[in-house]
Structures are given as structure tokens and as C-alpha cells.
Amino acid sequence: MTKVLFLSSAHPKFDKRVFQKEAVWLAAEGYEVTHLCPDDKAEKLDRDGVHVSTYTRRPGLIGRLCNFPRLFSAARRLRPDIIHANELDSWIVALAVKLVSKTRVVFDVHEFYPSMFAETRMPRALAPLTIGSLRLLYRLLAPYTDLIVLANRHIRRDFPDLPDRIITAENFAVLDIAARMERMSAGRKADQTTDGKGGADGPFRIIHVGLMAEERGSKVIVDCARDHLDAGTSFTLIGTITDTPNAAFRDMIAAEGLDDRIEVCDWLPYEDLTGKLVASHLGIVFFQSGSETNAYGLPHKLFDYMAAGLPVLVSKYARYVSEIVTQAQCGIIVDSEDPAAVAREIRALAADLDHARELGENGRKALQEKFNWDAEFSKISKGYER
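Residues numbered from 1 in each chain as written. Predicted model: local features only at pLDDT ≥ 70, side-chain atom pairs only at ≥ 80, totals over all residues. Heavy atoms only, no water.

1. Some points on the pairing of strand E10 (residues 233-238)
Reasoning step 1: The element E10 is largely enclosed, with a buried count of six among its six residues.
Reasoning step 2: Alternating residues of E10 divide into Thr-233, Phe-235 and Leu-237 and Ser-234, Thr-236 and Ile-238, and every residue in both groups is buried.
Reasoning step 3: Pairing of strand E9 (residues 204-209) with E10 involves six bridges; the strand directions are parallel. Residue pairing for E10: His-208 is matched across the bridge by Leu-237.
Reasoning step 4: Note on the crossover from E9 through helix H8 (residues 218-228) to E10: the handedness is right-handed.
Reasoning step 5: You can see the chain leave E10, run along helix H9 (residues 246-255) and come back into strand E11 (residues 262-265), and the turn it takes is right-handed. (Buried < 20%, exposed > 50% of the residue type's maximum accessible area, 1.4 Å probe, protein only. Helix = DSSP H or I, 4+ residues; strand = E, 2+ residues; numbered from the N terminus. Pairing = 2+ DSSP bridges. Right-handed = clockwise from strand over helix to strand, strands pointing away.)

Shown next, in the form of C-alpha cells:
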């Protein structure tokens, strides 16, 4: 049996893509799969056919760099046939293991790492040099990598032209999860109506899932709720506020008198998250301008919304997201830096729930027919068989 080691320096043990979509699915195809990943405590467990082995490390980038020797030793000790690396640093460790073994290396690229690193960790003046240096590193390491899996087709620009080694497996939704959400959605009251100012089913409920910060629209949401929308509209933010602690953000909302209209939840178990999604009326992606990651990133939240049958309101600055929303005809594109414009679109959807439901159904249909993980995973499966 072929042994596959998913090597993670940052991704959590049950990560949606790494664990739920890739490791579990490969295990179902007969591979012996282990996920070696960081956690608050070191432990070993089995879940859904995957062996999970966690380790502790110091937080932050320094902690990841200092962990190189331990990751190398742990990976060698497990003697995998294939190492599936999920970050730039774990990719380097995997290639180091390959130097002293017959291990094949897969690099699963989830983000625009060069631009993301430059935007978040370097002074603006050094951003071009940082991006160029990391892209040069990619070009040096890619030819020694057996398979490169891109979670977004736009990431290909960071890599040399290696068509026989690079595939794209977009981060779309799993069909059985979409079907589960559809069943839950069908259980909602058939006469769900609201005029945007409350009503039989309460307020018009807007949801955001995932990381949130000012560059992802947190200020716009607060401005909308405070200055442009009334109590007939509520927001639920599920995940982590990255530029301030969740508790501090809640305190700020309370100080604005908006704590009854903006709910901030920490990460939820998937079943609880699904319940929140199907109880909502609208999903949002409010990326702001000035970031390549925002412009060309493809957040999984979009497909969560589509799976739940929600219409979406997305930023015009999120170009790839806007492209998919336009193809699927499942939402509205707006200037996410203009709270008044955002509020106008929200009020229009709240006033015409039939249209909102039509957009949501378009999204669900597009997901079932095109934007689903089932088709994308087959590319990974074939890549492993090379």
C-alpha cells in the first residue's frame, strides 16, 4: 500500500482542504494516509481513515522556521512513498527528505504566497523585491517537485511553465455537503418572507464565514449597520478577526450600540456552521482593493454560500470571485468600499426575496454542475497515479 504523508507546518489537523477534501479522499482510494500537523498538544488519532499525528511548536514564523529539523526527522522516520506538502516551508522540508530517500514530493499551493508574504510581513518599499525573490525560489525548486497542485488557476503565474508537473484542483465544494445543505434548506419554512425590517421570520440575515479584517470588509459592515441599515438587518460573522481579537471587536460593536445586529462567533463545528448558513438570507465577500490575494483569491466561503442556496453580494475588487458569480448568475457585484452602495443592494435583496432565492438556486445549480470538488479531486487522483 502506498504511504502518503500530508506534511503541514501551519494547517490544522482537520483543515477543510488538506484533511476533508484531500487526505480523506485519498485514503478512500486505498492509500495509507498520515497527516503530520501542528496543534496545541501532541497526540495520535485516527479519523475517517486517516492517521493524524500532531506536534507542538512555537507560534509565528520564527516557530515554523525553528521547526524545520523536527519536521525533517519526523518525515524521514515515517518513511512515506509520497510527501504532500501544504506550505512553502513544508515543501522545502519535503524536498530535503527527497534528497536522502526515494520519496516523491507533491506541493499543494493554496495561496499567492509571494504576494501574501510581501503584503503582510514586509515594508511596502520591499514588496516587489520580496515577491521577485520568492518567485525565483519557486522556479528553482519546482523542477525537483514531482507534482504541483494549484488551488487556484491564477497561482500558475508564480511558477515556471511545467505543464507535465502542474495541475489545478480548484477549492470547490463537496457535492454531498451541498446536498446536505439543500436538505436542511428545504426544512426551512416555505413562507419565509421579510420586508428587510423584520417580519414573520425576523431580520434579513447576512452571514460571513472565515477570516475577517478591515481589508476584508469589517469596517464596511460596521458602517453599513450603523449608518445605512436599520434593525431589520443583522450580520453574523463566523471565524477569526485577524487585525484585532474577536473579544475586542465585540466590545467595539457594543460601544457602537450594534451588538444586537452584528454577531461575532468563533469558529463553529461544521454542523453548527451549516445551520447558521441555511438560516441566513445572504452571503458576503467584501474584499477591499490593493491586494493581489484579494483580487485573485478564491475563498471557500463562496462555495459554502452556494451550497446553502444563498445569493451572494461580492466585492468588485475580488476579480476571480466576481468572475464565478457572473458565470453562475448567483449574486450581485458591488463596490465594497462604499457602505451606502452596499446597503442599497442589501435593501433591494431584502425587499425582493423571490429574486434573492432565484439567485441562490442559480448558485446551487452551478455548484452541482460545475463548481464541485468531485471533479477537481479526479485531477489529483490521476496525478498521484503518474
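2. Digging into the nonpolar core
Reasoning step 1: Ranked by size, the top nonpolar core spans 59 residues in total, and within it Val-33, Leu-277, Leu-302, Phe-303, Met-306 and Tyr-384 carry the most contacts.
Reasoning step 2: Broken down by element, the residue count for this core peaks at six residues, all from helix H1 (residues 16-28).
Reasoning step 3: Not counting chain neighbours up to four residues away, the residues in contact with Leu-302 comprise Val-312, Val-321, Ile-324 and Val-325. (Core = buried A, V, L, I, M, F, W, Y, C linked by side-chain atoms within 4.5 Å. Contact = heavy atoms within 4.5 Å.)

3. Looking at the packing of aromatic side chains
Aromatic ring pairs are reported here in terms of the distance separating the ring centres and the angle at which the planes meet.
Reasoning step 1: Under the defined criterion, the tally for this structure stands at 13 aromatic pairs.
Reasoning step 2: Plain terms: the ring middles of Trp-91 and Tyr-138 are 5.6 Å apart, the flat faces sit at 75° to each other, and that makes the pair edge-to-face. Here Tyr-138 lies in helix H6 (residues 127-141) and Trp-91 lies in helix H4 (residues 88-99), a separation of 47 residues in the sequence.
Reasoning step 3: For Tyr-138, a relative accessible area of 1% translates into the label buried.
Reasoning step 4: Taking the centre distance of 6.3 Å and the plane angle of 45° together, the rings of Trp-373 and Phe-377 count as tilted. (Phe/Tyr/Trp six-rings, centres within 6.5 Å; stacked < 30°, edge-to-face > 60°.)

4. Topic: the sheet that holds E9
Reasoning step 1: Taken in spatial order, the six strands of this open sheet run E11-E10-E9-E12-E13-E14, and their pairing is parallel. Pairing within the sheet leaves two strands with one partner each, and these edge strands are E11 and strand E14 (331-334). This sheet shows a mean twist of 20° between the axes of neighbouring strands, independent of strand direction.
Reasoning step 2: As paired elements, strand E13 (residues 312-315) and E14 share four bridges and run parallel to each other. Bridging across to E14, Val-312 finds its partner in Gly-331.
Reasoning step 3: Along the sheet, helix H13 (residues 319-328) makes contact with E13 and E14, crossing E13 at roughly 145°. (Axes fitted to C-alpha atoms, helices over the stretch in contact; angles between N-to-C directions.)

By themselves, these figures tell us nothing about what the structure is for.
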